[in-house]
Amino acid sequence: MVLLLAASLGALGGFYLLAPVVPLYAATSGAGGVGAGLATGTMMLGTVLTEFAAPGLLRAYGYRAVMGLGLLLLGAPALLLPASASMPPVLGICLARGAGLGLVVVAGAALMAELVPADRRGEGLGLYGVAVGIPSIACLPLGLWLSERIGHGPVFAAGAALSLLALAAVPGLPSLRTRTERHDRTRNEIRSGTEGRIQDRARGKTRDGSRGGILDVLRDGGVARPAIVFVMVTPAAGVLLTFLPLAVSERSRDLVALALLTQSCVTPLARWAAGRYGDRHGPARLLVPAVLAAALGTAALIRVDDPLAMIVGMGLFGAGFGMAQNATLALMFERAPESAFGQVSAAWNLAYDAGLGAGAVGFGLLSGSVGYPAGFAVTAAVLFTALAPALYDRTAGSPARVAEDAAT
């Protein structure tokens, strides 16, 4: 577990250090806001495409090989960024780095879920969230701050180095493949074995979901509902990460760095606290508060020129986003068989990365015609609509309702 956390720290450190810098690099080369959105969107496209293949790669080659390949793809291409600021090579590098990120996050979350006891899985996933959140605290604002002072080239080299140095932890990771041969617990350990068998028969599927694909695991409504909520929340993260530095004057870039630092500190803490609460009271209770906090925080950024509104808004968004990360992932693992953890991890990360990419590209097209404050208002409105599936899951996802539906 320690080595997994170390590898994840390096991988996400390299990602977050460059996350706001590469879009800014693309924008200042003449491509403007559309280029910035395309840089983030292309990286997320590479991530999403790779995440479809990740469960099969985990079954075939195991955690160690997949994590090593992911770190290599995430780090090495960044060394080529200073060679040209034109869009085709930048987008190609973003695509390759996105593929590496997809492998790392799917393997990391699935392995953590297998290592942690079921009754403390929420807290374990919260600990993993803190570990992958530390790079966002240190590296997200640091990359923006450094690029303003020493230029893009040294920052690109530092981001590559963080991911490549993490390769040293890979040989100590488990070499086993996803444990499809192990006795598969029921799709929810808190339910009785009989009830679980009834639900499996009602779905018309075997309880060993290890050979299924991502779409197969999402056919289960209990897994799909949290994924839907999460995919509606994540576009706002892509918007704020990419466009907040562009929405203010150059004099205010240091203030943006502080706002990003605030969000980066609050998100992993909220993710860990949500895990502890969810293990004791159930993670489903956190979906509605998470969506509300994220929506209100984004709405505050309509007044992006107000320093207080920016800091408070990013803090609120960070709290909601952290709660949403833990609650949705914990619910998806809780409602799936252990042999399908690779697919669940890939599905959740797909929701994350597809949302980030779609938010960045969509906002880039929208903000050119309506401006940044109006664009933030539209983003907040989309977040408020996520309350509908969150409220529905609280009813449909209750044990009594699930058992009743399965028996019917």
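Residues numbered from 1 in each chain as written. Predicted model: local features only at pLDDT ≥ 70, side-chain atom pairs only at ≥ 80, totals over all residues. Heavy atoms only, no water.

## Examining the nonpolar core
- In terms of nonpolar packing, the biggest core is built from 123 residues, with F15, V22, M67, L71, L101, L244 and F376 touching the most fellow members.
- For this core, the leading source of residues is helix 2 (residues 21-75), giving 18 residues.
- Discounting residues that sit within four places of it in the chain, F15 has contacts with M43, M44, R97 and L101. (Core = buried A, V, L, I, M, F, W, Y, C linked by side-chain atoms within 4.5 Å. Buried < 20%, exposed > 50% of the residue type's maximum accessible area, 1.4 Å probe, protein only. Helix = DSSP H or I, 4+ residues; strand = E, 2+ residues; numbered from the N terminus. Contact = heavy atoms within 4.5 Å.)

## A short note on the packing of helix 8 (residues 221-243) against helix 11 (residues 307-334)
- Put simply, helix 8 and helix 11 touch, their axes get as near as 9 Å, and they point 150° apart. With respect to each other, helix 8 and helix 11 are oriented roughly antiparallel. Of the two possible hands of crossing, helix 8 and helix 11 adopt the one that is left-handed. Between helix 8 and helix 11, the contacting residues are V223, P226, A227, F230, V233, T234, A236, A237 and L240 on the first element and M314, F317, F321, A324, Q325, T328, L331 and M332 on the second.
- By residue class, the composition of the contact of helix 8 with helix 11 is 14 nonpolar, three polar and no charged. (Axes fitted to C-alpha atoms, helices over the stretch in contact; angles between N-to-C directions. Parallel < 35°, antiparallel > 145°, perpendicular 65-115°, else oblique. Left-handed = near helix turned anticlockwise from the far one by under 90°. Nonpolar A, V, L, I, M, F, W, Y, C, P; charged D, E, K, R; others polar.)

## Digging into the packing of aromatic side chains
- In total, this model carries 13 aromatic pairs according to the counting rule given.
- Both rings, one in F243 and one in F363, keep their centres 5.0 Å apart while their planes meet at 45°; by these two values the pair is tilted. Taken together, the residues span a long stretch of sequence, with F243 in helix 8 and F363 in helix 12 (residues 341-370) at a distance of 120 residues.
- F243 gets classed as buried once you look at its relative accessible area, which sits at 0%.
- Owing to a relative accessible area of 3%, F363 belongs among the buried residues under this scheme.
- Geometrically, the ring pair formed by F333 and F341 is edge-to-face, given 4.7 Å between the ring centres and 65° between the ring planes. Like F333, the residue F341 is buried in the burial classification. (Phe/Tyr/Trp six-rings, centres within 6.5 Å; stacked < 30°, edge-to-face > 60°.)

## Quick notes on the confidence of the model for the chain
- Averaged over all residues, the pLDDT of the chain is 81; the fraction at 70 or higher stands at 86%.
- Contacts for the low-pLDDT stretch residues 178-210, under 50 throughout, to residues beyond four places or in other chains number 66 contacts.
- In this model residues 400-406 is a low-confidence stretch, pLDDT under 50, and it forms eleven contacts with partners more than four residues away in sequence or in other chains. (pLDDT = per-residue confidence, 0-100.)

## Points about the pattern of salt bridges
- For the structure on display, the rule yields five salt bridges.
- In this structure, the salt-bridge partner of E123 is R120, at a minimum N-O distance of 3.0 Å.
- Note on R120: relative accessible area 46%, which makes it partly exposed.
- Among the ionic pairs, R276 bridges to E123, the shortest N-O distance being 3.0 Å. Of the two residues, R276 is situated in helix 9 (residues 253-281) and E123 in helix 4 (residues 121-150); the sequence distance between them amounts to 153 residues.
- When its relative accessible area of 31% is taken as the criterion, R276 is described as partly exposed.
- For E123, a relative accessible area of 13% corresponds to the buried category.
- A single salt-bridge network, built from bridges that share partners, covers R120, E123 and R276. (Salt bridge = Lys/Arg side-chain N within 4 Å of Asp/Glu carboxyl O.)

## Here's the deal with the environment of V291
- In this structure, V291 sits in helix 10 (residues 287-300).
- In sequence terms V291 and F317 are 26 residues apart; their C-alpha atoms lie 9.0 Å from each other.
- Beyond its immediate stretch of four places on either side in the chain, V291 contacts V229, V233, L383, A386, L387 and A390.

## With respect to empty space enclosed by the protein
- Counted under the stated rule, the structure contains three cavities of 30 Å³ or more.
- In this structure, the largest cavity occupies an estimated 460 Å³ of space.
- Within the lining of the largest cavity, the residues separate by chemical class into 20 nonpolar, eight polar and two charged.
- Within this model, the second largest cavity holds a volume of roughly 110 Å³. (1 Å grid on protein atoms, 1.4 Å probe; cavity = no way out; pocket = protein on both sides within 12 Å on 5 of 7 lines; lining within 4 Å. Points joined across faces, edges and corners; volume = space filled by probe spheres on them.)

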